[in-house]
Amino acid sequence: WGHPCEMCPAQPHPCRRGFIPNIRTGACQDVDECQAIPGICQGGNCINTVGSFECKCPAGHKFNEVTQKCDDIDECSTIPGICDGGECSNTVSSYFCKCPPGFYTAPDGLKCIDVRPGFCFSTLSNGRCGNQLPQPLSKMQCCCDSGRCWASAPATAPEMCPIRSTDEYRKLCTVAAMLPARPDLPPVRPDIIPRPDVIPPPIIPGVYPPPHPEIIYPSRVPPPHPILPVNLTDYCQTFRHLCRNGRCIPTPGSYRCECNKGYQLHGREECIDIDECERNPCIGGDCVNTQGSYVCQCRVGYQSTATRTECR
């Protein structure tokens with residue numbers, strides 16, 4: 001107390017840390033730190049526990065032990081190789097990639113996809129690439145389908161495609177799996193004649209969709225992949241299924257989700273129900289979690305409020 005500081009007289013403290021004596025009975029009772037400490041868990045969800053508390057931070061945030069708040073993670077400086085081929089911009093709880101000409105942003109906004117057309121070769125023999133295909137293909141279209149070599153220009157030496165099941169192959173060819181099915185996008189060109197055993201990706205002038213990463217036999221052909229325009233501007237308009245249980249907000253070259261009341265962001269595009277029962281809101285009753293809310297089933301001697309969120 002005072003300045004300069006003077007020690008308070010010694011006093012017996014009957015309760016351990018996180019507990020305080022009850023004024024009337026003197027018995028030790030739990031301190032609700034979420035109520036008692038202003039600004040605790042700022043940016044996150046504070047949950048009181050017996051003798052302590054815990055902070056649940058939303059996706060893209062981490063708990064700061066010093067300030068006791070949820071800090072945004074700067075993915076651009078923490079994730080190695082992020083936005084390969086483009087420029088990373090940090091956003092609250094996420095990030096997005098600004099991609100140069102010849103690339104487009106992946107549907108989730110988190111990587112740049114090389115769509116520059118080049119030359120595809122379907123054979124490789126004794127280290128020599130042969131059988132150049134007539135149509136221009138991106139490296140992904142060529143190597144993830146049946147191509148063996150790819151060259152970015154006529155004068156440049158062809159490079160070998162990555163071998164299937166290697167990390168390099170997976171990195172190049174997993175984008176196709178990320179693309180959501182879209183029934184309202186342009187249909188596949190009917191004038192491409194497939195080889196009898198392989199269904200090639202559709203070829204649309206000026207747009208280079210990634211092909212399916214594996215060879216597909218006609219008996220189990222999936223619906224054709226969507227054709228994405230190169231300059232995708234409003235993800236919320238193009239992909240209506242984003243941000244379930246929330247609102248989709250477009251950002252430059254990407255989007256973010258704002259969750260409805262009673263939901264919190266999980267990952268990037270899904271709002272999941274908050275389990276309000278974890279903080280035991282129903283004193284004098286049993287809590288039942290519901291989608292976006294909860295109800296209290298009150299015990300004998302207690303009455304439920306109109307909103308059914310409290311027992312009195």
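What you see is a predicted model, and the numbers here were worked out from it, not measured in a lab. In this numbering scheme, every chain counts its residues from 1 along its sequence in written order. A pLDDT threshold of at least 70 governs which residues receive local features in this predicted model, and a stricter bar of 80 or more applies before side-chain atom pairs are shown or counted, although totals over entire chains, interfaces and linings include all residues. Heavy atoms throughout the structure, all of them, feed into the side-chain values; hydrogens and water do not.

(A) Seen up close, the overall build of the protein chain. Strands are runs of DSSP state E lasting at least two residues, helices are runs of H or I lasting at least four, and both sets are numbered from the N terminus onward. Per the secondary structure count, the protein chain includes 6 helices and 20 strands. Only protein chains enter the calculation, and the probe is 1.4 Å; a residue is then buried if its accessible area is under 20% of its type maximum, exposed if over 50%, and partly exposed in between. Across the 312 residues of the protein chain, 34% fall into the buried class. Any two residues having at least one pair of non-hydrogen atoms within 4.5 Å are treated as being in contact. If you take every contact in the protein chain between residues at least 6 apart in sequence, the share linking residues at least 24 apart comes to 33%. For accessible areas, the Shrake-Rupley method is used with a probe of radius 1.4 Å. Any residue's cover is judged against the shown protein chains and nothing else. As displayed, the protein chain has an accessible area near 19300 Å², and 55% of this comes from carbon and sulfur atoms.

(B) Here's a closer look at the state of the cysteines. Cysteine sulfur atoms are paired as a disulfide whenever they come within 2.5 Å of each other. A complete count under the given rule lists 17 disulfides for this structure. The residue that forms a disulfide with C15 is C28, at a sulfur-sulfur distance of 2.1 Å. Where C15 bonds to C28 through sulfur, the torsion about that S-S bond is close to -95°, and the disulfide is left-handed. Taken together, the positions of C15 in the segment before β1 (19-21) and C28 in strand β2 (residues 28-30) put the pair 13 residues apart, joining distant regions of the chain. For C15, a relative accessible area of 8% gives the class buried.

(C) Fine view of the pairing of strand β19 (residues 285-290). Two strands form a pair only when DSSP identifies at least two bridges running between them. Sheet topology note: the β19/strand β20 (residues 293-298) ladder contains 6 bridges and is antiparallel. What sits directly across from T290, in β20, is S293. Connecting β19 to the next strand, β20, in antiparallel fashion are 2 residues, including G292 with a positive phi near 85°.

(D) Summary view of the sheet that holds strand β11 (residues 119-125). Ordered in space as β12-β11-β13-β14, the 4 strands form an open sheet in which the pairing is antiparallel. At either end of the open sheet lies a strand with only one pairing partner, and these are β12 (128-132) and β14 (159-160). As paired strands, strand β13 (residues 149-151) and β14 are joined by 2 bridges and run antiparallel to one another. Following the sheet pairing, W150 is matched in β14 by E159.

(E) Molecular detail of empty space enclosed by the protein. Lining residues are those with an atom within 4 Å of a point, where the points come from a 1 Å grid over the protein atoms alone and group into cavities, where a 1.4 Å probe fits but cannot get out, or pockets, open sets with protein on both sides within 12 Å along at least five of seven lines. Grid points are joined across faces, edges and corners, and a volume is the space filled by probe spheres set on the points. Under the counting rule described, the total for this entry stands at 1 cavity of 30 Å³ or more. Approximately 40 Å³ is the volume attributed to the largest cavity. What lines the largest cavity is simply N45, I47, I274, D275, E276, E278 and R279. Here the lining of the largest cavity is built from residues that sort into 2 nonpolar, 1 polar and 4 charged. In this count, Pro and Cys sit with the nonpolar residues alongside Ala, Val, Leu, Ile, Met, Phe, Trp and Tyr, while Asp, Glu, Lys and Arg are called charged and the others, Gly among them, polar.

(F) Expanded view of the pattern of salt bridges. The working definition used for a salt bridge is a side-chain nitrogen of Lys or Arg within 4 Å of a carboxyl oxygen of Asp or Glu. Taken as a whole and judged by the stated rule, the model has 7 salt bridges. Among the salt bridges present, the one from R256 reaches E258, with a minimum N-O distance of 3.4 Å. One continuous salt-bridge network, built from bridges that share partners, spans R247, R256 and E258.

(G) Fine view of the UniProt feature "domain: EGF-like" (unreviewed entry) in the protein chain. UniProt positions are given in the numbering used here, feature names are shortened, and annotations may be inferred rather than shown by experiment. If you check UniProt for "domain: EGF-like" (unreviewed entry), the listed places come out as residues 30-71, 72-113, 232-272 and 273-310 in our numbering. The straight-line gap between the two end C-alpha atoms of residues 273-310 is 19 Å; of that span, 0% is helix and 34% is strand.

(H) The arrangement of the pairing of β12 in detail. In terms of strand pairing, β11 meets β12 through 4 bridges, oriented antiparallel. Considered in β12, the bridge of S125 is made with R128.

(I) Highlighting the side chain of T305. For T305, the position within the fold is in the segment after β20. Since its relative accessible area comes to 16%, T305 is described here as buried. For T305, the contacting residues outside a window of four places in its chain are E310 and R312.

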